[in-house]
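Read off the chains here:
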Amino acid sequence: MKQQLDINTWARKDHYHFFSQFEEPFFGVCVNVDCTRAYFVSKAYGYSFFLYYLHKAMVAMNSIEPFRYRIIDKQVWIYDHIDPSPTINRPDGTFGFAYFPYHADFKTFAATAGEESERVRSSTGLVPAVSGENVVHCSSMPWIEFTSLSHARSFSFKDSCPKISFGKMTEKEGKMMMPVSVHVHHALMDGYHVGQFLEEFQRHLDI
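What you see is a predicted model, and the numbers here were worked out from it, not measured in a lab.

Participant: Describe the side chain of Asp34, and please don't skip the residues or the numbers.
Facilitator: Considering the arrangement of structural elements, one finds Asp34 in strand β2 (residues 26–34). Here Asp34 sits buried without a salt bridge, and the closest side chain of opposite charge, Lys175, lies 4.2 Å off (N-O distance). At a separation of 2.6 Å, a polar atom in the side chain of Asp34 contacts the side chain of Thr36. Here Asp34 is in contact with Lys175, Met176, Met177, Gln202, Leu205 and Asp206, once residues within four sequence places are set aside.

Pasting the structure below:
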């Protein structure tokens, strides 16, 4: 479900019109998050660490309204929830696209996501995900401790979905740290909102 946002009464009306004209309206940041507790909790309960931290990221994103905004036919719509559309890595070095329906309860989310992950992992090709505008494009690169990141983009395709990437987890001073890249459409949000998400994501990783 979604509802239309009244751009004319929106506090970011001018920001929306300004950044909507850009050929590349996305901006991004890379930060390190402390996933020590999340890692050990997932291992203690036999959870997939990838699904565990992905779910926490989605819980955080769903709690920040601008992450649920999408531009459709030059109008801004607010979805009641957003779902992750991740890349699934395969043993042969390729990957495929997947779609995980979001659920606030981790075990419910993980049951469906686990089945979808195995389906994509055992397939070949990209396997385009069945999704819509209310997705977040997600990727995991567990081999790379990146400090910056860019995305392949087709500028002719009017995309407004946030993009989040997770890198290689490393131990530093007794903590398990992981780089995270977040790219968002500047017509829909600012650094303030990305900061809100990162703070909320870290809070959920620490629970």
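Now that the structure has been shown, the text picks up again.
Participant: Break down unusual backbone geometry for me, citing the residues and quoting the values.
Facilitator: Of note in the backbone geometry, Asp73 takes a positive phi value of approximately 50 degrees without being a glycine. Among the secondary structure elements, Asp73 is positioned in the loop between β3 (69–72) and β4 (75–79). Located in the positive-phi region is Lys74, a residue other than glycine, with phi close to 65 degrees. Here Lys74 is to be found in the loop between β3 and β4.

Participant: Could you give an account of the nonpolar core, naming the residues involved and the relevant values?
Facilitator: Formed by 43 residues in total, the largest nonpolar core has its most connected members in Phe67, Phe100, Ile164, Phe166, Val182, Phe197 and Phe201. Elements supplying a minimum of two residues to this core: β2, α2 (36–45), α3 (49–63), α4 (106–121), β7 (135–140), β8 (163–166), β10 (175–185) and α5 (191–205). Among the elements that take part in this core, α3 stands out by supplying 11 residues, more than any other. Among the nonpolar cores identified, the runner-up in size contains 11 residues, and Ile7, Val76, Ile78 and Leu188 belong to it.

Participant: Which residues make up the sheet that holds β4, and what values do they have?
Facilitator: Reading across the sheet, the 3 strands line up as β1-β4-β3 and stay open at both edges, with antiparallel pairing between neighbours. One side of each edge strand has no neighbouring strand; the edge strands of this open sheet are β1 (2–4) and β3. In this sheet, neighbouring strand axes are inclined to one another by 35 degrees on average, regardless of whether the strands run parallel or antiparallel. When β1 meets β4, the two strands line up antiparallel, connected through 3 bridges. If you follow Lys2 over to β4, its bridge partner there is Tyr79.

Participant: Provide a residue-level description of the side chain of Asp83, including the pertinent values.
Facilitator: In this structure, Asp83 sits in strand β5 (residues 83–89). Here Asp83 is buried and forms no salt bridge, its nearest opposite-charge partner Arg70 lying at an N-O distance of 8.8 Å. A distance of 2.6 Å separates the side chain of Asp83 from the side chain of Tyr99, its partner in a polar contact. Separated by 2.8 Å, the side chain of Asp83 and the backbone nitrogen of Tyr102 make a polar contact. Ignoring any residue separated from it by four or fewer positions in sequence, one finds Asp83 in contact with Met58, Tyr99, Phe100, Pro101, Tyr102, Asn134, Val135 and Val136.

Participant: How would you sum up the environment of Tyr47? Please name residues and give values.
Facilitator: If you trace the backbone, Tyr47 turns up in the loop between α2 and α3. Between the C-alpha atoms of Tyr47 and Ala187, which are 140 residues apart in sequence, the distance is 37 Å. Not counting residues up to four positions away in its chain, the partners in contact with Tyr47 are Ser42, Tyr52, Phe106 and Lys107.

Participant: Break down the pattern of salt bridges for me, with residues and values.
Facilitator: Tallied over the full model, the rule gives 7 salt bridges. A salt bridge links Glu118 to Arg121, with the shortest nitrogen-to-oxygen separation between them at 2.5 Å. Of the two residues, Glu118 and Arg121 are both situated in helix α4; the distance of 3 residues between them amounts to about one turn of the helix. Judged by its relative accessible area of 47%, Glu118 is partly exposed. Taking relative accessible area as the criterion, Arg121 reaches 31% and is therefore assigned partly exposed. Between Lys163 and Asp159 there is a salt bridge; the shortest N-O distance is 2.4 Å.

About the criteria used
The numbering scheme is per chain: residues are counted from 1 as the chain's sequence reads. Whole-chain, interface and lining totals are the exception, using all residues; otherwise, since this is a predicted model, local features are given only for residues with pLDDT of at least 70 and side-chain atom pairs are given and counted only at 80 or more. Derived side-chain values reflect all non-hydrogen atoms in the structure, with water molecules and hydrogen atoms excluded from consideration. Every helix listed is a DSSP run of H or I at least four residues long, and every strand listed is a run of E at least two residues long, numbered separately from the N terminus. For every residue, the accessible area obtained with a 1.4 Å probe (protein chains only) is divided by the maximum for its type, and the residue is called buried under 20%, exposed over 50%, and partly exposed between those limits. Working convention for charge: Lys and Arg count positive, Asp and Glu count negative, and His plus the chain ends are omitted. Salt bridges are counted wherever a side-chain nitrogen of Lys or Arg sits within 4 Å of a carboxyl oxygen of Asp or Glu. Polar contacts here mean pairs of N or O atoms no more than 3.5 Å apart (in protein, one a potential hydrogen donor and the other a potential acceptor; neighbouring residues in sequence count only if both atoms are side-chain atoms). Here, residues are in contact when the closest pair of their heavy atoms is within 4.5 Å. Among buried residues, those of type Ala, Val, Leu, Ile, Met, Phe, Trp, Tyr and Cys that are joined through side-chain atoms within 4.5 Å constitute a nonpolar core. At least two DSSP bridges between two strands are required for those strands to pair. Axis lines are fitted through C-alpha atoms, for helices just across the contact stretch, and the angle between N-to-C directions can take any value from 0 to 180 degrees.

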